[in-house]
Amino acid sequence: MDRSAQKHGVLNLVALLVMSLGTLAVALYTHSLGGQVAGVFLGIGVLVAAVSWFQMRLEERERLEKLEFDEIARGGSASATLFNTQDVEGFPARRAREQFERFFVPAFTFVLLAIEAGAGWWIWRWLGRIIAVPVLEQPLLGMAVFGLMALVLFILGQYVSGLARLDGRRLLKPGASALLLGAYTLALAGAAVAAVWFDFPKADLILARVLCALLLLLATENVLTLLLEGYRPRVKGRQARLLYESRLVALLGHPEGIFTTVAHTLDYQFGFKVSDTWFYQFLRRSIVWLGLCYVVILLAFTCLAYIQPGESALLERFGKPVAGRELLESGFHLKLPWPIDAVHRFRAREIQTFDIGFEHEEGGAGHEQEGQVVLWTVSHYKEEFHLLVASREPASATNSATNNVAGKKAPPVNLLSVGMPVHFQITNLSWWAYNYRDSAALIRQIASREVVRYLVSVDVNEIMSTARFTAGEELRRRIQARADELRMGVEILFVGLQDVHPPVTVGAAYERVVGTKQKREADILRARAYAISTNAMAQAEAVRRKLDAGAESARRVSSAMANESLFTNQAAAYRAAPEVYTQRTYLQTLARSGANARKFVLATTNSSEILLLNMEDRIRDDILNQLVPAARPR
């Protein structure tokens, strides 16, 4: 390793540093996304060139140390015995170089891996957050500067790469590969700016994403390199490959030497000459024909298209429908190879569904489960949207007072969480595919608009109770009419209102209000029932008392008339036979009075008798006179 190699290493480092800073400055000034990512590649090349230059210095110090030791050994002086040893302690430069390769190089490779992976991940996320592609400033300046820097890096990279290949200076290869890769990325950045200039606005963003993916691929390669290094066979006297030297960067920097790069990689990894085997030589000779055969087989496979059951497809030739074969049904179909013919498949025969008003949880079909209770106070989905619904009830005094703006009262509206699944089927595939860029998004937007327009014209209490089915049918009719008007080629089969409830944040308060209203209605109905019951009982009691009074009056009149008739008849009987009437009346009175009394008849009158009266109650005969069954012999 001579001093010229170190000069070229410094030249690589300075060139990459200047070009990386210049690329970032121009890219930021022109708003070129591809140029900014290319600047990141050049910055990583600066780190690689710096480490390779430092390793050159260590190897140069080791070379000078060995020359000095050889000179002293050839002198034959007595002091030469002090250096006549193979101990590592006697060669500090070699020890420093070995420790550098043993510890610093793997650590730097790991840091390089972390920088590439972190930068790739951050840039990818940053590009994903870009909604509108930024407008380029001074695109002609960007094309000129990127092209000039690419030319300078390419010439310098080719020179250093040839010098490293001819003189065997392996430490110049990482910097040369970084120079060539930077030249190619800058050329692509200039081409992307030119494409934007010629009305291809997304070319710069696409290039930035491709370069970001390449950055992540380099990080993956470093991971594999670190893992495979532990399993590489060590050959004594053979220099190890630099861990921070990317084979992929070398391949991209020298695409013409792909077989040489692959051969060196295989020989280094397996420890023997894989490139001398007959199989590798056969692949090297026949790779073109094998590639052509592979391409022919792939194109032949593209001549056969299979449409799944339930699907329909559109056949296009050079981007236009094929006359007579525009629509392909399920089954196998022959077509011209790609890219002449293209088949676009659609689920035309399936019933498709989208939801309005909510989004399901990731990896789940929703909250609906058999036997599960759905509460208004618990969120059912990942996200629920609130819609305005009209109300026939006037705004309360409190709400009117708090919501007055310039003397105007707040309109009587409410917020509702409405979950509506919409089922539809494609009926005209040509309209669905060609009339609009994204028909699925359009039919969702149409349904959302019709739902919003319909809900502001209905009453909140009706939509939550009795008007669900009629509302679903009306929404289906409106969405279908709008889709037919726009010639979308779909049939709306069903619109359902499965979840209609107040927002979760006010669900508990709404339940209290509804409960209070229900309690008020219950109290009113209970009072009405009590009033009806009380009035009916009072009327019945009045009628009963009137009837009782009339009956008593009739009874007394009849009794008076009967007494009058009885007295008249008794007077006539008395006048006819006073004694008989008197005696008969006496006996009748005696018979009535003694009907329930005990009577004792005395047959004789000339004897004296003593009567003993037992005033105790007599035991009943049915208790006293009972038949006792005969005893059974034992």
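Parameters at a glance
Residues numbered from 1 in each chain as written. Predicted model: local features only at pLDDT ≥ 70, side-chain atom pairs only at ≥ 80, totals over all residues. Heavy atoms only, no water. Helix = DSSP H or I, 4+ residues; strand = E, 2+ residues; numbered from the N terminus. Buried < 20%, exposed > 50% of the residue type's maximum accessible area, 1.4 Å probe, protein only. Contact = heavy atoms within 4.5 Å. Areas by Shrake-Rupley, 256 points an atom, 1.4 Å probe, with all protein chains shown as cover. Axes fitted to C-alpha atoms, helices over the stretch in contact; angles between N-to-C directions. Parallel < 35°, antiparallel > 145°, perpendicular 65-115°, else oblique. Nonpolar A, V, L, I, M, F, W, Y, C, P; charged D, E, K, R; others polar. pLDDT = per-residue confidence, 0-100. 1 Å grid on protein atoms, 1.4 Å probe; cavity = no way out; pocket = protein on both sides within 12 Å on 5 of 7 lines; lining within 4 Å. Points joined across faces, edges and corners; volume = space filled by probe spheres on them. Salt bridge = Lys/Arg side-chain N within 4 Å of Asp/Glu carboxyl O. Expected span 1.5 Å × (residues − 1). Bend = angle between axes of the 7 residues up to and from the residue. Left-handed = near helix turned anticlockwise from the far one by under 90°. Core = buried A, V, L, I, M, F, W, Y, C linked by side-chain atoms within 4.5 Å.

S.K.: Residues and numbers for the overall build of the protein chain, please.
M.R.: In terms of helices and strands, the protein chain carries 17 helices and 13 strands. Out of the 634 residues belonging to the protein chain, those deemed buried represent 32%. The contacts in the protein chain between residues at least 6 apart in sequence include a share of 76% that link residues at least 24 apart. Surface accessibility of the protein chain: about 41,600 Å² in total, with carbon and sulfur atoms responsible for 62%.

S.K.: If you had to explain the packing of helix H5 (residues 173-197) against helix H6 (residues 203-229) to someone new, which residues and values would you point to?
M.R.: One can describe the packing of H5 onto H6 by two numbers: an axis separation of 8 Å at closest approach and a directional angle of 155°. Here H5 lies roughly antiparallel to H6, going by the angle between them. Contact residues: H5 offers Thr 185, Leu 188, Ala 189, Ala 192, Ala 195 and Val 196, while H6 offers Ala 203, Asp 204, Leu 207 and Leu 211. Class assignment for the residues of the contact of H5 with H6 results in 8 nonpolar, 1 polar and 1 charged.

S.K.: Describe the confidence of the model for the protein chain, and please don't skip the residues or the numbers.
M.R.: Caution applies to low-pLDDT parts of the model: their predicted coordinates are not meant to be read in detail. Overall, the prediction assigns the protein chain a mean pLDDT of 76, with 72% of residues at 70 or greater. At the low end of the mean pLDDT range in the protein chain sits helix H10 (residues 397-403), at 46; at the high end sits strand S12 (residues 490-495), at 88.

S.K.: Tell me about empty space enclosed by the protein, and please be specific about residues and values.
M.R.: Tallied over the full model, the rule gives 3 cavities of 30 Å³ or more. Its boundaries defined by the atoms lining it, the largest cavity holds a volume of some 200 Å³. The wall of the largest cavity is formed by 20 residues, among which Ile 44, Val 48, Ala 178, Ser 246 and Val 249 lie closest to the centre. Listed by contribution, the elements that provide at least two residues to the lining of the largest cavity are helix H2 (33-75), helix H3 (92-128), H5 and H6. Its residues placed into classes, the lining of the largest cavity shows 12 nonpolar, 5 polar and 3 charged.

S.K.: Quick one: what's the story with the side chain of Ser 52, residue by residue and with numbers?
M.R.: By the secondary structure assignment, Ser 52 is in helix H2. Relative accessible area serves as the criterion here: at 3%, Ser 52 is assigned to the buried category.

S.K.: Could you give an account of the pattern of salt bridges, with specific residues and numbers?
M.R.: Tallied over the entire structure, the rule returns 17 salt bridges. Here Asp 523 and Arg 526 are joined by a salt bridge, their closest N and O atoms 2.7 Å apart. Within this pair, Asp 523 and its partner Arg 526 are both found in helix H15 (residues 504-576), separated by 3 residues, close to a single helical turn. A relative accessible area of 34% places Asp 523 in the partly exposed class. Taking the relative accessible area as the measure of exposure, Arg 526 reaches 53% and is therefore exposed.

S.K.: Please give an account of the environment of Glu 98 that cites residues and values.
M.R.: Structurally, Glu 98 can be placed in helix H3. With a relative accessible area of 34%, Glu 98 lands in the partly exposed category.

S.K.: Can you explain H3? Please cite residues and give values.
M.R.: Between its terminal C-alpha atoms H3 stretches 52 Å, which fits the 54 Å expected from 37 residues at 1.5 Å a residue. Along H3, the sharpest kink reaches roughly 35°, centred on Phe 100.

S.K.: Pulling in residues and values, what's your account of the packing of helix H12 (residues 439-455) against helix H14 (residues 468-485)?
M.R.: Close contact between H12 and H14 brings their axes to 9 Å; oriented N to C, the two are set at 130°. Taken as axis vectors, H12 and H14 run oblique relative to one another. H12 and H14 meet at a crossing whose hand is right-handed. Contact with H12, carried on its side by Ile 443, Ile 446, Ala 447, Arg 449, Glu 450, Val 451, Arg 453 and Tyr 454, involves Ala 471, Glu 474, Leu 475, Arg 478, Ile 479, Arg 482 and Ala 483 of H14 and no other residues of that element. Tallied by class, residues from the contact of H12 with H14 come to 9 nonpolar, no polar and 6 charged.

S.K.: Kindly report on the nonpolar core, identifying the contributing residues and their values.
M.R.: Grouped together as the largest cluster of nonpolar side chains are 58 residues, with contacts concentrated most on Leu 16, Phe 41, Phe 146, Leu 153, Leu 186 and Tyr 244. Among the elements of the structure, helix H1 (3-30), H2, H3, helix H4 (139-167), H5, H6 and helix H7 (247-253) are those that each provide at least two residues to this core. Looking at which element gives the most residues to this core, the answer is H2, with 12 residues. Ignoring anything within four residues of it in the chain, the contact list for Leu 153 reads Met 19, Leu 42, Leu 179, Gly 182, Ala 183 and Leu 186. Of all hydrophobic cores here, the second largest spans 30 residues; its members include Phe 354, Val 418, Leu 455 and Val 500.

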